[in-house]
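Observations on chain architecture
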Amino acid sequence: MSIIALLTDFGLRDPYVAAVKGVIASRCDARVVDLSHDVEPFDTFGAAWFLRSIVDYWPAGTIFVVVVDPGVGTSRKIVAAERDGRFFVAPDNGVLSLVIEPPAISVENESFFLPHGSATFHGRDRFAPVAAAIASGTKLEELGPQVDDIVGLDYAPPRYGNDAIDGTLVATDRFGNLITDIEAAKVGFPSFALRAGWHVVDRLERNYGDARDGVFMIVGSSGCIELSVANASAADVLQLRRGDRVTITPK
């Protein structure tokens, strides 16, 4: 049985998620799972980073449907793609740009859409039936023509230099940990310090429970360097936010 995994900014108060699931259930017998519906409204980067953080843990054959779509109803494309046996359906607004590379498919075959659909709810009227079609065996090439580029994000990947590594704070989790995009495995310095804004942190801890008081670095579950405070929010303590730049240098 196929898995259709949903990632949206819909929340659960409104009928939107239930409608998407209803369309899928009426068209295929795939197992539908919720990745999250708590992406901040319109937050394409947040959705993109979330997807990057979890996609490799899902089995081949999973169909990821990402509906964070502030441009719904405009001329923006819907794209579908496959990577390592996993499938993706999303608006072409950058939400897939951290997990796939071109080419992709521009979903234009309207026979897969719900008839008489809304200009404001493509999640129900287009994304859901397209995902159901893929789960039922439809080839991506049947959905529309190939495109050789997709929309990217306003984001500069980390730069790993011999004397310094430059990166970005890309997320704050619910515990207040500030997550960077710098992969610990690529930091070649035997010891190092991280500068973010006016703050310099030069202590690396293995876990939260044994950490001493104050701000420290830790290698998070994503394999990236994070800034943390045991039993408190590093985001509140440091007054930093997503998008702030960070630099790692050897001590």
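Above this text sits the structure in question.
Criteria and thresholds
- Residues numbered from 1 in each chain as written.
- Predicted model: local features only at pLDDT ≥ 70, side-chain atom pairs only at ≥ 80, totals over all residues.
- Heavy atoms only, no water.
- Phe/Tyr/Trp six-rings, centres within 6.5 Å; stacked < 30°, edge-to-face > 60°.
- Lys NZ or Arg CZ within 6 Å of the ring centre and 35° of its normal.
- Core = buried A, V, L, I, M, F, W, Y, C linked by side-chain atoms within 4.5 Å.
- Buried < 20%, exposed > 50% of the residue type's maximum accessible area, 1.4 Å probe, protein only.
- Helix = DSSP H or I, 4+ residues; strand = E, 2+ residues; numbered from the N terminus.
- Contact = heavy atoms within 4.5 Å.
- Salt bridge = Lys/Arg side-chain N within 4 Å of Asp/Glu carboxyl O.

By the definition in use, this model includes seven aromatic pairs. Considering the side-chain rings of W58 and F64, the 6.4 Å spacing of their centres and the 80° angle between planes classify their relative orientation as edge-to-face. Across the ring face of F175, the terminal group of R174 is positioned such that the distance to the ring centre comes to 5.8 Å.

What follows deals with the nonpolar core. In this structure, I4, V65, V130 and L143 are the most contacted members of the largest nonpolar core, which totals 29 residues. Of all the secondary structure elements, the ones that give two or more residues to this core are β1 (3-8), α1 (16-27), β3 (63-67), β4 (78-83) and α3 (122-135). Ranked by the residues each element gives to this core, the list is headed by α3, at seven residues. Excluding its chain neighbours within four sequence positions, the residues that come into contact with L143 are A80, I105, S106, V107, E108, N109, F112, V130, I134 and T138. Counting 24 residues, the second-largest nonpolar core is a separate cluster that includes F88, L96, I100 and A104.

Another aspect to go through is the pattern of salt bridges. Proximity of charged atoms lets side chains of opposite charge pair with each other. Considering all chains together, one arrives at twelve salt bridges under this definition. A salt bridge links D34 to K21, with the nearest nitrogen and oxygen atoms 2.9 Å apart. Of this pair, D34 sits in strand β2 (residues 31-36) while K21 is found in helix α1, placing the two residues 13 residues apart along the sequence. The exposure class of D34 is partly exposed, given its relative accessible area of 40%. R83 is the partner of D56 in a salt bridge, and the nearest nitrogen-oxygen pair spans 2.6 Å. Within this pair, whereas D56 is found in the loop between α2 (44-54) and β3, its partner R83 is found in strand β4, the two being separated by 27 residues in sequence. Salt bridges sharing common partners tie together R52, E183 and K186.

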